[in-house]
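Structural features, examined
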Amino acid sequence: MADRVLEVEGLNAWYMVKKTPFSPKEKKVVLHDLSFYIEENEILGLVGESGCGKSSLCKVILGMLNSYDGTVKHYTKRPQVVFQDPFGSLNPVKRVGWILEEPLRLVGGYTKEERQKKVCEMLEAVGLSTEYRKRYPRELSGGQRQRISIAAALISGAKFIIADEPVSALDVTVQAQILDLLLKLKQDFGLSILFISHDLNVVYQLCSRVLVMQKGRIVEQGDIDDIYDHPQEAYTKELLDAAMAFDEE
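The paragraphs below set out a description of the structure included in this document. (Residues numbered from 1 in each chain as written. Predicted model: local features only at pLDDT ≥ 70, side-chain atom pairs only at ≥ 80, totals over all residues. Heavy atoms only, no water.)

**With respect to the sheet that holds strand β3 (residues 43-47)**
What the six strands build is an open sheet, ordered β5-β6-β7-β3-β8-β9; its pairing is mixed. Looking at strand neighbours, the two that pair on one side only are β5 (80-82) and β9 (217-223), the edges of this open sheet. Looking at each pair of strands side by side, their axes are set apart by 20° on average, direction ignored. Note that β3 and strand β7 (residues 192-197) share five bridges and pair parallel. Of the residues in β7, the one forming a bridge with Ile-43 is Ile-193. Those strands touched by helix α5 (residues 142-154) are β5 and β6 (160-164), and its axis lies near 175° from that of β5. (Pairing = 2+ DSSP bridges. Helix = DSSP H or I, 4+ residues; strand = E, 2+ residues; numbered from the N terminus. Axes fitted to C-alpha atoms, helices over the stretch in contact; angles between N-to-C directions. Contact = heavy atoms within 4.5 Å.)

**Overview of the pairing of strand β8 (residues 209-214)**
The buried fraction of β8 is high, at five of six residues. Bridge count for β8 against β9 is six bridges, and the pairing is antiparallel. Its bridge partner being in β9, Gln-214 is matched across the sheet by Arg-217. The turn linking β8 back onto β9 is made up of two residues, and Lys-215 within it adopts a positive phi angle of 50°. (Buried < 20%, exposed > 50% of the residue type's maximum accessible area, 1.4 Å probe, protein only.)

**Remarks on the sheet that holds strand β1 (residues 4-17)**
For sheets, the rule is that strands pair by backbone hydrogen bonds, running either parallel or antiparallel. Strands sit in the order β2-β1-β4 across an open sheet of three strands; the sheet is antiparallel. Looking along the sheet, the strands with just one partner apiece sit at the ends: β2 (26-39) and β4 (68-74). If you compare each strand with its neighbour and ignore which way they point, the axes differ by 20° on average. Across ten bridges, the pairing between β1 and β2 is antiparallel. For Met-16, the partnering residue across the bridge sits in β2 and is Lys-27.

**Points about the pattern of salt bridges**
Applying the stated rule across the entire model yields nine salt bridges. In this structure, the salt-bridge partner of Glu-42 is Arg-209, at a minimum N-O distance of 2.6 Å. Of this pair, Glu-42 sits in the loop between β2 and β3 while Arg-209 sits in strand β8, and the two are 167 residues apart along the sequence. The same class applies to Glu-42 and to Arg-209, which are both buried. Across the pair Glu-101 and Arg-105 runs a salt bridge, and its minimum N-O distance is 3.6 Å. (Salt bridge = Lys/Arg side-chain N within 4 Å of Asp/Glu carboxyl O.)

**Some details on the side chain of Ser-56**
Considering the arrangement of structural elements, one finds Ser-56 in helix α1 (residues 54-62). Here Ser-56 is in contact with Tyr-15, Val-30, Leu-31 and Leu-65, once residues within four sequence places are set aside.

**Some points on the packing of aromatic side chains**
By the definition in use, this model includes one aromatic pair. Considering the side-chain rings of Tyr-204 and Tyr-228, the 4.6 Å spacing of their centres and the 50° angle between planes classify their relative orientation as tilted. Here Tyr-204 is found in helix α7 (residues 200-206), whereas its partner Tyr-228 is found in helix α8 (residues 224-229), with 24 residues between them in sequence. Residue classification places Tyr-204 among the partly exposed residues on the basis of a relative accessible area of 40%. A cation over an aromatic ring shows up here: Arg-4 above the ring of Tyr-37, its NZ or CZ 3.8 Å from the ring centre. Positioned above the aromatic ring of Tyr-37 is the side chain of Arg-209, whose terminal nitrogen or guanidinium carbon lies 4.2 Å from the ring centre. (Phe/Tyr/Trp six-rings, centres within 6.5 Å; stacked < 30°, edge-to-face > 60°. Lys NZ or Arg CZ within 6 Å of the ring centre and 35° of its normal.)

Keep in mind these values describe shape, not function.
This is how it looks when you write it as structure tokens:
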């Protein structure tokens, strides 16, 4: 069995919410009995429509939501995140060099020269020249900003990242470039990635296994080819039909 970076077993998570401004808070369960794992050097897809619980699951994995029971076991440090909107996740008043140095400042233990050297190395790793460290996020294209976001997630040595709809805001050509980059980085750095998307076509290009979520439950999971060729659940079939219809447009 391959080594694992994450194991989730019997996970239930909830929020405490008020139905009216004057009513007492009640438990609203948003994740129901989830069990799955992510192996080293694997890209695991997570698909489902908006509101299915993908974001809540990410919050639990990241330690941002603590109202849960079950087991969430990390075998590496907690993952870094690459978000859908790279412009919103990058400090608009700082240059790229500062943005990439900041995680190293927070970790500590690096001289200024060492930090700058790692910034240059990481820019080259994501396919950008070292000249980009002088630019502001507003001076970059969407694809370039996403490359910077990926570099920022990896620069402090993370081996596990969550990619939350990282290509959905990009045009098709740039999407393909970013997907190719993620595959390359997976090989170069031995990365594990939880890749979140509503687009089954994108997931098929990138992932070895996939989880299908609906209403806070994993309704189907397995190898990518098995799920695509022989879906067992009606919901999975609906997602596949929608993806095929989009391809035909």
